[in-house]
Amino acid sequence: MTIIGWIVLGLIAGAVAKILLPGKDPGGVVGTTLIGIAGAVVGGWISAKFLDHPITKDFYDLPTWGAAVGGALVLLIIYRILFGNSRR
């Protein structure tokens, strides 16, 4: 997958993570989008490194999407824990 593919995957993964974990985010839409992109990259790396599922060049690979959404969820939870109370 190209960088553009990872960005698109991250945007969608961030949106899915936001749907699965509703509530106020300290970064708003932009922060959630960036977390989704980073989560896609981190989830793909963890999947390839520790779960023995190499990153494929196929955009429609279901385990890659699962790893991206999972990574976005983890980063969103960490982000809320670290910065959740700073915005009032």
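About the criteria used
- Residues numbered from 1 in each chain as written.
- Predicted model: local features only at pLDDT ≥ 70, side-chain atom pairs only at ≥ 80, totals over all residues.
- Heavy atoms only, no water.
- Helix = DSSP H or I, 4+ residues; strand = E, 2+ residues; numbered from the N terminus.
- Expected span 1.5 Å × (residues − 1).
- Buried < 20%, exposed > 50% of the residue type's maximum accessible area, 1.4 Å probe, protein only.
- Core = buried A, V, L, I, M, F, W, Y, C linked by side-chain atoms within 4.5 Å.
- Contact = heavy atoms within 4.5 Å.

A. Just helix α2 (residues 28-49), in detail. Across its 22 residues, α2 extends 31 Å between first and last C-alpha, which sits within 8% of the 32 Å expected from 1.5 Å per residue. Listed as buried for α2 are Gly31, Thr32, Ile35, Gly36, Gly39, Ala40, Gly43, Gly44 and Ser47.

B. Structural view of the nonpolar core. Among the nonpolar cores identified, the biggest contains 11 residues, and these are Trp6, Leu9, Ala13, Ala17, Ile35, Ala40, Trp65, Ala68, Val69, Ala72 and Leu76. Of all the secondary-structure elements, those providing two or more residues to this core are α1 (3-20), α2 and α3 (62-83). The greatest single-element share of this core, amounting to five residues, is contributed by α3. Ignoring anything within four residues of it in the chain, the contact list for Val69 reads Ala13, Val16 and Leu20.

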